[in-house]
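Results of the structural survey
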Amino acid sequence: MALQVQIWIKSIIENLFADNSFASKSVDHSEFVNEKTVHVPNAGAAPSVVKNRTTFPAAVTTREDVDLSYDIDEFSVDPIRIPNADKVELSYNKRESIIRGSRNKLADDIHASLIYSWIPSGVNTIFTEGAAVTAHIASATGNRKSMTKASVEAAQLLFDSQNIPQTGRYMLLDAYMYNQLKNSMTNNEVVAFLAGADPEKGVIGEYAGFRFYKRGQVAKTTKAGVLKEWSAAADATDSAAGIAWQEDCVSRALGASILFDDEGNPLYYGDIISFLQRAGGSYIRSDKKGVALICQATEEPSAGG
């Protein structure tokens, strides 16, 4: 019988992770990442202005400032054992692959958590109003209203009404909502939208004063638009959501990813590797301005359907 040759490729197909470049568009609090709590003082109400004052002495008031604070969290990767046999028998460098994959997974989870930290309780919510599309969140059923340029314009109007600066406005959508948005534009609008892209910085378009980022998943909500953690039990009425923000209204605090490496452990006959990173972030305006949730509204069945 003929001998058959087996070949092991000297590289391994790695896992895929999201683009997290959106996080750079925020106030950087990373210098405080080794503290337990970050305090962000917010100015109290501005004083009243009187035209042609006639009453003296004028009433004296006291400004009550607000202390907004958030905690720094520790994110750690489950330890992974690398048996000695894997180090000597495999054609690819498993140790290097595990280190790279662990570091990427850590960054992925931290940035997914950061998105939720930017969304305050009682955030301004904009519900989509487009044509019916199939719900794309896992376990969700039925139809949702598609994301359209009208929702972007609604976010623009909201920020304008809040006196949010015209510069530094961003929106993060998942892949489905992003495609729905593009489909709502005319050909000329798509050309102009893509002309504002900056691929090296992760920006994939610009419309109505917002620069856009895209991620595999952003956030999910209940039917009523209430934010739900991804780890929460899935429900058929869940909806996808994106987020709009202005860069001076949210913060990030990202520490270094620390490698813990127990090489040649005599109890496990191999190496033990794990990672830890301190990170946090928050909306940083106590009035919650400059942040909005873009929620896919549920398309209700017609009366005869």
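Residues numbered from 1 in each chain as written. Predicted model: local features only at pLDDT ≥ 70, side-chain atom pairs only at ≥ 80, totals over all residues. Heavy atoms only, no water.

**Remarks on the overall build of the chain**
Looking only at helices and strands, one finds 5 helices and 18 strands in the chain. For 305 residues, the compact-globule formula gives about 19 Å, and the C-alpha radius of gyration of the chain, at 25 Å, lies well above that figure. Along the longest, intermediate and shortest principal axes, the C-alpha atoms of the chain span 105 × 55 × 40 Å. By residue count, 40% of the 305 residues in the chain fall in the buried class. Taking contacts inside the chain between residues at least 6 apart in sequence as the whole, the part at least 24 apart equals 75%. With 30 positive and 37 negative side-chain charges, the chain shows a spacing of 4 Å between the two charge centroids. (Helix = DSSP H or I, 4+ residues; strand = E, 2+ residues; numbered from the N terminus. Rg over C-alpha atoms; globule rule 2.2 N^0.38 Å. Buried < 20%, exposed > 50% of the residue type's maximum accessible area, 1.4 Å probe, protein only. Contact = heavy atoms within 4.5 Å. Lys, Arg positive; Asp, Glu negative; His and termini not counted. Charge placed at Lys NZ, Arg CZ, Asp CG, Glu CD.)

**Details of the pattern of salt bridges**
Counted under the stated rule, the structure contains 13 salt bridges. A salt bridge links R63 to D65; the nearest nitrogen and oxygen atoms lie 2.7 Å apart. Here D261 makes a salt bridge to R95, at a shortest N to O gap of 2.2 Å. Here R95 lies in helix α2 (residues 94–117) and D261 lies in strand β16 (residues 258–265), a separation of 166 residues in the sequence. Of the residues examined, D261 reaches a relative accessible area of 33% and is grouped as partly exposed. Under the relative-accessibility criterion, R95 is labelled partly exposed at 22%. It is possible to trace a salt-bridge network through shared partners that takes in R95, D261 and D271. (Salt bridge = Lys/Arg side-chain N within 4 Å of Asp/Glu carboxyl O.)

**Description of the packing of aromatic side chains**
This model, assessed by the stated rule, comprises 8 aromatic pairs. Judged by centre distance (5.6 Å) and plane angle (50°), the ring pair of F159 and F210 falls under tilted. Residue F159 is located in helix α3 (residues 149–161), and its partner F210 is located in strand β11 (residues 210–215); the two are separated by 51 residues in the primary sequence. F210 matches F159 in its accessibility class, with the two residues each being buried. (Phe/Tyr/Trp six-rings, centres within 6.5 Å; stacked < 30°, edge-to-face > 60°.)

**Looking at the layout of surface pockets**
Size it by volume and the largest pocket reaches roughly 160 Å³. What lines the largest pocket is H136, I137, A138, D174, Y176, G216, Q217, V218, A219, K220, W230 and A234. Classifying every residue of the lining of the largest pocket gives 7 nonpolar, 3 polar and 2 charged. (1 Å grid on protein atoms, 1.4 Å probe; cavity = no way out; pocket = protein on both sides within 12 Å on 5 of 7 lines; lining within 4 Å. Points joined across faces, edges and corners; volume = space filled by probe spheres on them. Nonpolar A, V, L, I, M, F, W, Y, C, P; charged D, E, K, R; others polar.)

**Considering α3**
Since there are 3.6 residues in each turn of an α-helix, residues three or four apart along the chain are aligned in direction. Taking 1.5 Å per residue, 13 residues should reach 18 Å; α3 reaches 18 Å between its end C-alpha atoms and fits that length. Every buried residue belonging to α3 is among S151, V152, A155, L158 and F159, and all of these are buried. Buried positions in α3, seen along its axis, are confined to an arc of 115° and lie on one side of it. Opposite the packed face of α3, turned more than 90 degrees from it, sit the exposed residues L157 and S161. Backbone geometry just after α3 places N163 at a positive phi near 60°. (Expected span 1.5 Å × (residues − 1). Arc of directions from axis to C-beta.)

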